[in-house]
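What follows is each chain in one-letter form.
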Amino acid sequence: MALLLKNRGAMLLLMFNLFLVFTGIGLVIPVIPKYITLLGANGSIAGLLVASFALTQLVFSPLAGRLSDSFGRKRMIVAGMVVFAFAEVVFGLADSTLLLFVSRMMGGISSALIMPAIMAYAADVTAEEERAKGMGYINAALTTGFIIGPGIGGYIAEFGLRVPFYSAGVAGLIAAVLTAVVLPESLPSPAKEEGSNGKTAPASPPKRSLLQQLRFAYREPYFISLIIVFVMSFGLANYETIFGLFVDHKFGFTPKDIAFIFTFASIGGAVVQLTAFGWIMNRFGEKVVITACLLAAGLFVLLTLFVHQYWLIFAVTFIIFLSIDILRPAISTQMSMVAQEEQGYVAGLNSSFTSLGNIIGPAAAGLLFDMNVNFPYVAAGIILILCFGLSLRTGSNRTQRAGA
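In this report, the structure presented in the accompanying data block is examined. Since the model is a prediction, treat every value here as computed from it, not as a measurement.

### Concerning the overall build of the protein chain
Regarding its fold elements, the protein chain presents 16 helices and zero strands. A total of 404 residues make up the protein chain; the buried ones form 49% of that total. For the protein chain, restricting intrachain contacts to residue pairs at least 6 apart in sequence, the fraction spanning at least 24 positions comes to 86%. Taken as a whole, the protein chain presents about 17500 Å² of accessible surface, with 69% of it coming from carbon and sulfur.

What follows is the structure, encoded as structure tokens:
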């Protein structure tokens, strides 16, 4: 089923803005290593910069999700894009590692503001039967931005090492203006809801701090989904962090070889999200899709240890990325089905557990890699397969449609 006509324009604008922002994030990737070297930072600093982004996103995501439920999705998206733009400009102007950390922490705040609000917006404007397709479109826009961004960044860097960061800032401001001027608010006011249906809007659950939200998350009906989110991001971050080192140490792959594998694996995921994801979800239901993707990701991560030819490594990596690219919007769809009036809050928790995985995954991968080159993938594969077993305990296929 196509997205409803009245919502199609809003979804297209969301996709365009998300594409623009993540293109801006991606285009700085090729120049960051040289840029950090220029400022005298080492590999440890680079790793801490990644962790500081994820940690800040973790801290602010639940609050940002609550704010989007209280003040509207549009305001949070615009605010996040403005913060993103300033973060990139600060990174470009930086002449010390302190400013680099300030920029990355601002970037974490911007991601916390943007992602839960956009996921909640997509849930607001799509009916249940088209929810999966909407989530697939959102994730495809994100993935495509990451794919195109590095290539654009490498070209722009020819005009100066700092130019890609300024360009990303401009892209963020353009996205912010477009959103502020064109995008309608998707969250109805409580008064409007009460007047339209004669019922009082449901009372919001009591506000909790980040630590309380994480501590009591086990009580929520979507707790297993949150665990899967964490394991997914842990496994993917673990896999990506040491992939370059892994294939360099074992097979002598060049940066060009690695870039080719990642680019085409990402393109495959984006194509599936745009064309077939909605049909897959409606045909098989979220439980079957999630369990199958977890099992495939775990098995093929382990299979990476046993393949040696370039085309086999390419094929294995392609299936791992495709599994994760289907798994991510499938989980978001599943959680949105039980979120009801708490779409922003649940999307914020989703982002928080993603951040936890992005913090712990790279740290664990680096530590295990120093012990043995194969250990990171052994750990990631086993954890993904164990999570597959846990996913079998989730509920029925709520998104599966009769006769689909």
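### A short note on the nonpolar core
In globular proteins that are soluble, nonpolar side chains generally tend to be buried together. One finds Leu327, Ile331 and Tyr377 to be the most contacted residues of the largest nonpolar core, which totals 46 residues. Within the residue set of this core, elements represented by two or more residues are helix H10 (223-251), helix H11 (255-275), helix H12 (277-284), helix H13 (286-303), helix H14 (310-339), helix H15 (343-371) and helix H16 (375-391). Those residues in contact with Tyr377 that sit more than four places away from it in its chain are Asn238, Tyr239, Ile242, Phe243, Phe246, Val301, Leu302, Thr304 and Leu305.

### Section: the packing of aromatic side chains
Counted under the stated rule, the structure contains four aromatic pairs. Centre to centre, the rings of Phe230 and Phe234 are 6.1 Å apart; their planes meet at 35°, and the pair counts as tilted. With Phe230 and Phe234 both in helix H10 and four residues apart, this pair spans about one turn of that helix. Taking the relative accessible area as the measure of exposure, Phe230 reaches 22% and is therefore partly exposed. If you follow Arg283 out to its NZ or CZ, it ends over the ring of Phe284, 5.3 Å from the centre.

### What about the pattern of salt bridges?
Counting across every chain of the model gives two salt bridges. Put simply, Asp69 and Arg73 hold a salt bridge, and the shortest N to O gap is 2.7 Å. A relative accessible area of 1% means that Arg73 is categorised as buried. Glu88 is paired through a salt bridge with Arg104; the nearest N and O atoms lie 3.1 Å apart. You can see Glu88 sitting in helix H4 (residues 73-93) and its partner Arg104 sitting in helix H5 (residues 97-124), a full 16 residues away along the chain. Residue Glu88 is classed as buried on the basis of its relative accessible area of 3%.

### Examining the side chain of Ser323
Mapping Ser323 onto the fold places it in helix H14. From its side chain, Ser323 meets the backbone oxygen of Ile319 in a polar contact 2.8 Å long. Contact partners of Ser323, with chain neighbours within four places excluded, come to Cys293, Ala296 and Ala297.

### Looking at the packing of H12 against H13
Where H12 contacts H13, the two axes come as close as 6 Å, and the packing angle between them is 110°. Put simply, H12 runs roughly perpendicular to H13. The segment H12 lies against H13, with Ile280, Met281 and Phe284 engaging Glu286, Val288 and Val289.

### Considerations on the packing of H4 against helix H7 (residues 163-182)
Interhelical geometry of H4 versus H7 gives an angle of 165° and a closest axis separation of 8 Å. Taken together, the axes of H4 and H7 lie roughly antiparallel to each other. Crossing angle aside, the handedness with which H4 passes H7 is left-handed. Contact residues: H4 offers Lys74, Ile77, Val78, Met81, Val82, Phe84, Ala85, Glu88, Val89, Phe91, Gly92 and Leu93, while H7 offers Phe165, Tyr166, Ala168, Gly169, Gly172, Leu173, Ala175, Ala176, Thr179 and Ala180.

Cut-offs and rules
- Residues numbered from 1 in each chain as written.
- Predicted model: local features only at pLDDT ≥ 70, side-chain atom pairs only at ≥ 80, totals over all residues.
- Heavy atoms only, no water.
- Helix = DSSP H or I, 4+ residues; strand = E, 2+ residues; numbered from the N terminus.
- Buried < 20%, exposed > 50% of the residue type's maximum accessible area, 1.4 Å probe, protein only.
- Contact = heavy atoms within 4.5 Å.
- Areas by Shrake-Rupley, 256 points an atom, 1.4 Å probe, with all protein chains shown as cover.
- Core = buried A, V, L, I, M, F, W, Y, C linked by side-chain atoms within 4.5 Å.
- Phe/Tyr/Trp six-rings, centres within 6.5 Å; stacked < 30°, edge-to-face > 60°.
- Lys NZ or Arg CZ within 6 Å of the ring centre and 35° of its normal.
- Salt bridge = Lys/Arg side-chain N within 4 Å of Asp/Glu carboxyl O.
- Polar contact = N/O pair within 3.5 Å; in protein donor to acceptor, adjacent residues only side chain to side chain.
- Axes fitted to C-alpha atoms, helices over the stretch in contact; angles between N-to-C directions.
- Parallel < 35°, antiparallel > 145°, perpendicular 65-115°, else oblique.
- Left-handed = near helix turned anticlockwise from the far one by under 90°.

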